[in-house]
Amino acid sequence: MVSNRDALFGGQATANGESPRGSGAGNAGGGFSRGGDVPVVTALAGTDTTGLQIRAIGTATAVESITVYPEVSGIVTEIGIEAGAKVAKDQVLFRLDEADQAVAVERAELAVELARDVSDRAERLAKTNNVTEAALTVARTALRSAEIDLKSAELERAKRSITAPFGGVVGLIPVSVGDLVNNSTTLTTLDDVSRLTVAFDAPERFGDLVTIGQPVTGMAIGLPGREIKGSVGAIDSRVDPATRVFKIEATLEEGIEGLKPGMSITIAVDFAGAPQTTVSSLAVQWDRQGSFVWTIQADKAKRTAVQIIGRKSGIVMVAGDIGPGMEVVVEGLQRMRDGIAVRRVGQETPPPEDAVSSDEISGQPQTPATVAQDKAG
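Residues numbered from 1 in each chain as written. Predicted model: local features only at pLDDT ≥ 70, side-chain atom pairs only at ≥ 80, totals over all residues. Heavy atoms only, no water.

### Side note on the overall build of the protein chain
Item 1. Along the backbone of the protein chain there are five helices and 21 strands.
Item 2. Taken across its 377 residues, the protein chain has 34% of its residues classed as buried.
Item 3. Carbon and sulfur atoms make up 51% of the accessible area of the protein chain, which totals about 21,800 Å². (Helix = DSSP H or I, 4+ residues; strand = E, 2+ residues; numbered from the N terminus. Buried < 20%, exposed > 50% of the residue type's maximum accessible area, 1.4 Å probe, protein only. Areas by Shrake-Rupley, 256 points an atom, 1.4 Å probe, with all protein chains shown as cover.)

What follows is the structure, given as structure tokens:
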């Protein structure tokens, strides 16, 4: 038996050394038969709706993240947290020695009480016209100044208590009780990991496609198998003229348990695509005029120019004068010429019913010998 490849590329000799199609001019083209028909393997063009996709690698960032420093110098007297603990907004994290500030507050409170007594007495005397307007103004001013001094003392004491500006998770604590710290000493870090953001680059051709709120998916290298979901939260207003890309910031909200700021994430943004005609990657050829395929129309080959839209798993998405269901040559391409008659070999599925055979074109009816010859091919 002659295989499909033998039929395409010249055939084999029989046991007695003769060609299965005889010898002489009738077989000069090795593999040609029925008046010069070229044996080919074809496949039908299909469709695919795969759209465009942005794939990029970014770094996870907490939606809010700070490094905690004290506002003033002092000795640490209390640490109210542990590394990795969750804290609430306004929760006290550290306390510094506030003995001097407590004394200042008490002194200011006494000054306020004294100034208030003087002011009240001046107000009573003013009702009976026993005090001048100037003395009343001085008493009122002294009270107001004492109240301001009290607030200032209270603020200075409050600075000795370092609180969380928002809820989140604290990091490592490099200080201990008794350490002398100042406003450049790192006490800890605080991250709000209820949501995470990731910034990544996108080619400029996606500038009009990306929209705020568009869904994104991600995969963290440190959390294999975990699907992360979120949406586009911000889009940069400029394209980098050197790299021709622009920044996109996505907010991640689902599947982020265990995801830490600083971890790398592979982000994908999908765009719905219109149905595209697809052909086998084996069918596409190139020359000086561009890419093309050979389609079969009425058992004859026709060169059909195509534009490649994309590739996926052995198929090529194309545009051009070709549509789903059209027959395309995938093997035997080296013998193709525009308008040449072809013969399908090794096809499990017959050609379309409306296709015209080469015998009908030539006007030669099939004889039993011809049928036997075809089976042998």
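Read on for the rest.
### Concerning the environment of Ile75
Item 1. Tracing the chain through its elements places Ile75 in strand E4 (residues 74-79).
Item 2. Beyond its immediate chain neighbours, meaning those up to four positions away, Ile75 contacts Arg95, Leu96, Asp97, Gly178, Asp179 and Leu180. (Contact = heavy atoms within 4.5 Å.)

### Digging into helix H2 (residues 99-127)
Item 1. Between its first and last C-alpha, H2 extends 43 Å over 29 residues, near the 42 Å set by a 1.5 Å rise per residue.
Item 2. If you check which residues of H2 are buried, you get Gln101, Val105, Ala108, Val112, Ala115, Ser119 and Ala122.
Item 3. Elements in contact with the buried residues of H2: helix H3 (133-158).
Item 4. Of the residues one or two after H2, Asn129 is the one with positive phi, at around 60 degrees. (Expected span 1.5 Å × (residues − 1).)

### Remarks on the nonpolar core
Burial of nonpolar side chains together is a common tendency in soluble globular proteins.
Item 1. Counting residues in each nonpolar core, the largest one holds 26 residues, and the members touching the most others are Ile54, Phe200, Val210, Ile248, Leu252, Leu259 and Ile267.
Item 2. Those elements that place two or more of their residues in this core are strand E3 (53-68), strand E10 (188-203), strand E11 (215-220), strand E12 (227-235), strand E13 (245-254) and strand E14 (264-270).
Item 3. With sequence-adjacent residues up to four places away left out, Phe200 is seen in contact with Ile54, Ala56, Ile57, Phe246, Lys247, Ile248, Ala250, Ile267 and Val269.
Item 4. Membership of the second largest hydrophobic core comes to 16 residues, among which are Val76, Leu93, Phe94 and Val175. (Core = buried A, V, L, I, M, F, W, Y, C linked by side-chain atoms within 4.5 Å.)

### Description of the environment of Pro241
Item 1. Relative to the helices and strands, Pro241 resides in the loop between E12 and E13.
Item 2. With 37 residues separating them in the primary sequence, Pro241 and Glu204 have C-alpha atoms 9.9 Å apart.

### Quick notes on the pattern of salt bridges
Item 1. Inspection of every chain in the model, using the stated rule, returns eleven salt bridges.
Item 2. Among the salt bridges present, the one from Glu147 reaches Arg116, with a minimum N-O distance of 3.6 Å. Of this pair, Glu147 sits in helix H3 while Arg116 sits in helix H2, placing them 31 residues apart in sequence.
Item 3. Given a relative accessible area of 24%, Glu147 falls into the partly exposed group.
Item 4. Arg140 is the salt-bridge partner of Glu123, the closest N and O atoms lying 2.7 Å from each other. Here the residue Glu123 occupies a position in helix H2, and Arg140 occupies one in helix H3, the gap between them amounting to 17 residues.
Item 5. Take Arg140: its relative accessible area is 41%, and that puts it in the partly exposed class.
Item 6. Through salt bridges with shared partners, a single network forms among Arg116, Arg144 and Glu147. (Salt bridge = Lys/Arg side-chain N within 4 Å of Asp/Glu carboxyl O.)

### Points about the pairing of E14
Item 1. In terms of strand pairing, E3 meets E14 through seven bridges, oriented antiparallel. The residue bridging Gln53 from the neighbouring strand is Asp270, located in E14.
Item 2. Alignment of E11 against E14, held across four bridges, turns out to be antiparallel. In the strand pairing of E14, Thr217 is matched with Ala268. (Pairing = 2+ DSSP bridges.)

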